[in-house]
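# Structural overview for review
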Amino acid sequence: MLPRLWPAVLSLGWIILAMAAAEALMAGVSLAADDGLVGAFATGALITALCGGGAVLTTKGRRFEMNFRDAVIFTVAAWFVMPVFAAIPLLQQPVALDPVDALFEMVSAITTTGSTVLAGLDEMPASLLLWRSTLQWFGGFGIIGLAIVILPFLKIGGMQLFRLESSDSGDKYLPRVQTIARAVGQIYLGLTVACFATYVLLGMTPFDALNHAFTTVCTGGFSTHDASFGYFERPALRWAAIVFMIGGAVPFLAYLRIVRRGGLRERVESQVIVFVAVAFVAVVIVALWLSFSGRYEIGEAITEAAFNTVSIITTTGYASADYSAWGPFAALLFFIFMFLGGCTGSTTGGIKILRYQIMAATIFQHLRQTIYPHIVQPVRYGGHAIGNEQVASVGVFVFLYFATFAVVAIIFAITGLDTMTAFSAAGAAVGNIGPGLGPVVGPAGTYASLDDFQKLVFAFSMVLGRLEILSVMVLLAPSFYR
């Protein structure tokens, strides 16, 4: 049975019209900056508006009603469709990117991955740089909505546990989903404004501060400079970025819980504590390596280790140095960091800390059950027992995540990439991290040297990872439509 598509088409139409409005706004920015991209953004806005208007008009007269199945179809379709329209200005003169490159760049932006095919960012038109950063920022908010509204009900990777632990508690405080979304949006905007103000106070130009505030809070990692955050030499700026990267990696519903009454245990989720602890231990290990290997003095080693380690763990993808050149041990550590991720319900990619906690608790419970067969001890998270369904969904997700990573890495290797590049590029794509390791896709390079097929595989993997894999796979199941 074919699903009804008109609710998704209608919703996509309005989203596409919003994209057209954003492109028109960028045309205004280009006009004010006199950077030569007015025509490119105006053309993009016109084409996008015609397509969005057509989608809306084809469903005119229908009473709008969207059930959960429609919402899933719309959400998955939007992540695949929106980069296409976002890429239209990049196809026009004077940018004139190849269609595959333009699509790659916009998928990377909207999924908050941060991988790029562009070089010479320091000389790029201001409107183009702002377009990339703005898309990342809106993509970050879309990711939070996906984690709060869609994934818990699809029971993907233990996300239903996140709904029980966070959303239901939030519902008592903020009764309606719309109210929760508004509150989370205010927090997201507030963090961005605070980040912007901090960057300006610490010496960034307002333009750099705006772009980097957008891409820090959403843990996206696009920069306005080829040297990424290495362009800014002040250590204070890097420590500010660390704070806001961690802020973007914390569950946004957790911010709502902080204002509620109760003890510390009720205010701070278990995964937040574990995430901060894991990040701290990782930073200490990398800092000690950098110091003892003689690459940096202890103070600089701590700053460089903290910035780059937090950037990868939170899947932001900023770089202040080429950490793949810090030796084999450091390269191995950063490869491992690619598979961590921040907290569930944040803007980060990767597997995420909550799932590791559940897996660890499951292993501990299994070992205890083996030693004491007659003891009944459920798996617990945050002091609460969780059911077999949640445990199973985490196991399925983690298996599919690594299976997807393996398949993508094999495809990259078959198409000619060396082992380090193939594995790190696959990890960067599925985990929405940005830079990989090595001279080709590492923090000192770009993805421009990949061929078109490799870029398309990477782009599809970015969307697949952003949608937590099962969101896409569930659309292939006939039972989903019954």
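Treat the numbers as computed from the prediction; the structure is a model and nothing was measured. (Residues numbered from 1 in each chain as written. Predicted model: local features only at pLDDT ≥ 70, side-chain atom pairs only at ≥ 80, totals over all residues. Heavy atoms only, no water.)

### What to know about helix 9 (residues 206-217)
In this model helix 9 runs 16 Å from its N-terminal to its C-terminal C-alpha over twelve residues, within 8% of the 16 Å that 1.5 Å per residue would give. In terms of burial, helix 9 is largely enclosed, as nine of its twelve residues are buried. Residues of helix 9 that are buried include every one of Asp 208, Ala 209, Asn 211, His 212, Ala 213, Phe 214, Thr 215, Thr 216 and Val 217, and no others. In the segment just after helix 9, Thr 219 is the residue with positive phi, at about 50 degrees. (Helix = DSSP H or I, 4+ residues; strand = E, 2+ residues; numbered from the N terminus. Expected span 1.5 Å × (residues − 1). Buried < 20%, exposed > 50% of the residue type's maximum accessible area, 1.4 Å probe, protein only.)

### Details of empty space enclosed by the protein
Under the definition given, this model contains one cavity of 30 Å³ or more. Here the largest cavity defines a volume of roughly 60 Å³. The wall of the largest cavity is formed by twelve residues, among which Ile 143, Ala 147, Leu 151, Lys 352 and Glu 468 lie closest to the centre. The element best represented in the lining of the largest cavity is helix 6 (residues 126-154), accounting for four residues. By residue class, the composition of the lining of the largest cavity is five nonpolar, four polar and three charged. (1 Å grid on protein atoms, 1.4 Å probe; cavity = no way out; pocket = protein on both sides within 12 Å on 5 of 7 lines; lining within 4 Å. Points joined across faces, edges and corners; volume = space filled by probe spheres on them. Nonpolar A, V, L, I, M, F, W, Y, C, P; charged D, E, K, R; others polar.)

### Looking at unusual backbone geometry
At the junction of Gln 93 and Pro 94, the peptide bond is cis and its omega measures out at 5 degrees in the coordinates. Structurally, Pro 94 can be placed in the loop between helix 4 (88-91) and helix 5 (99-110). Residue Thr 112 is not a glycine yet carries a positive backbone phi of 55 degrees. Inspection of the secondary structure assignment puts Thr 112 in the loop between helix 5 and helix 6.

### Some details on a nonpolar patch on the surface
A contiguous nonpolar surface patch, about 680 Å² in accessible area, is contributed by Phe 280, Val 281, Val 284, Ile 285, Leu 288, Phe 292 and Phe 329. Here the element with the most residues in the nonpolar patch is helix 13 (residues 270-292); it accounts for six residues. Of note, Val 284 is situated in helix 13. (Patch = residues over 30% accessible without salt bridge, like charges linked within 9 Å, V, L, I, M, F, W, Y side chains within 5 Å. Areas by Shrake-Rupley, 256 points an atom, 1.4 Å probe, with all protein chains shown as cover. Salt bridge = Lys/Arg side-chain N within 4 Å of Asp/Glu carboxyl O.)

### Focus: the packing of aromatic side chains
Under the criterion given, the structure shown has 31 aromatic pairs. Relative to Trp 326, the ring of Tyr 296 has its centre 6.0 Å away and its plane inclined at 80 degrees; by these criteria the two rings are edge-to-face. You can see Tyr 296 sitting in the loop between helix 13 and helix 14 (298-313) and its partner Trp 326 sitting in the loop between helix 14 and helix 15 (328-337), a full 30 residues away along the chain. Note on Tyr 296: relative accessible area 18%, which makes it buried. (Phe/Tyr/Trp six-rings, centres within 6.5 Å; stacked < 30°, edge-to-face > 60°.)

### Some details on the pattern of salt bridges
In total, this model carries five salt bridges according to the counting rule given. Note that Arg 132 and Glu 105 form a salt bridge whose closest N and O atoms lie 3.0 Å from each other. You can see Arg 132 sitting in helix 6 and its partner Glu 105 sitting in helix 5, a full 27 residues away along the chain. Each member of the pair, Arg 132 as well as Glu 105, is classed as buried. Here Glu 468 makes a salt bridge to Lys 352, at a shortest N to O gap of 3.0 Å. Of the two residues, Glu 468 is situated in the loop between helix 20 (452-466) and helix 21 (470-473) and Lys 352 in the loop between helix 15 and helix 16 (353-371); the sequence distance between them amounts to 116 residues. For Glu 468, a relative accessible area of 5% corresponds to the buried category. Residues joined by salt bridges that share partners form a network here, namely Lys 352, Arg 355 and Glu 468.

### Quick look at the layout of surface pockets
Think of a ball as big as a water molecule: rolled over the atoms, this probe shows where empty space is left. Quantified by volume, the largest pocket comes out at close to 1,000 Å³. In terms of lining residues, the largest pocket is bounded by 32 residues, among which Ile 15, Phe 74, Phe 138, Phe 141 and Gly 142 are the most central. Going through the elements one at a time, helix 1 (6-33), helix 3 (68-86), helix 6 and helix 8 (177-201) are the ones with two or more residues in the lining of the largest pocket. Here the lining of the largest pocket is composed, by residue class, of 25 nonpolar, seven polar and no charged.

### Topic: helix 16
In a regular helix each residue adds 1.5 Å, so 19 residues correspond to 27 Å; helix 16 covers 27 Å between its end C-alpha atoms and thus fits that length. Within helix 16, burial applies to Ile 353, Leu 354, Arg 355, Gln 357, Ile 358, Ala 361 and Gln 365.

### Here's the deal with the packing of helix 18 (residues 419-430) against helix 20
The contact between helix 18 and helix 20 brings their axes to 7 Å, and the two run at 45 degrees. By the angle class used here, helix 18 and helix 20 are oblique. On helix 20, the residues touching Ala 425, Ala 428, Ala 429 and Val 430 of helix 18 are Phe 458, Ser 461, Met 462 and Gly 465. Here the contact of helix 18 with helix 20 is composed, by residue class, of six nonpolar, two polar and no charged. (Axes fitted to C-alpha atoms, helices over the stretch in contact; angles between N-to-C directions. Parallel < 35°, antiparallel > 145°, perpendicular 65-115°, else oblique. Contact = heavy atoms within 4.5 Å.)

### Here's the deal with the side chain of Ser 471
Along the chain, the position of Ser 471 falls in helix 21. There is a polar contact of 2.8 Å between the side chain of Ser 471 and the backbone oxygen of Leu 467. (Polar contact = N/O pair within 3.5 Å; in protein donor to acceptor, adjacent residues only side chain to side chain.)

### Digging into the environment of Phe 307
Here Phe 307 lies in helix 14. Relative accessible area serves as the criterion here: at 0%, Phe 307 is assigned to the buried category. Between the C-alpha atoms of Phe 307 and Tyr 318, which are eleven residues apart in sequence, the distance is 8.3 Å. Excluding residues that lie within four positions of it along the chain, Phe 307 makes contacts with Phe 229, Arg 238, Ala 241, Ile 242, Met 245, Tyr 318, Ala 319 and Ser 320.

### With respect to the confidence of the model for the protein
Here the protein averages 86 in pLDDT, and 90% of its residues register 70 or above. Summarising per-element confidence for the protein, the mean pLDDT is lowest in helix 7 (residues 159-173) (46) and highest in helix 9 (96). Every residue in residues 164-175 is under pLDDT 50, and counting partners more than four places away or in other chains gives 22 contacts. (pLDDT = per-residue confidence, 0-100.)

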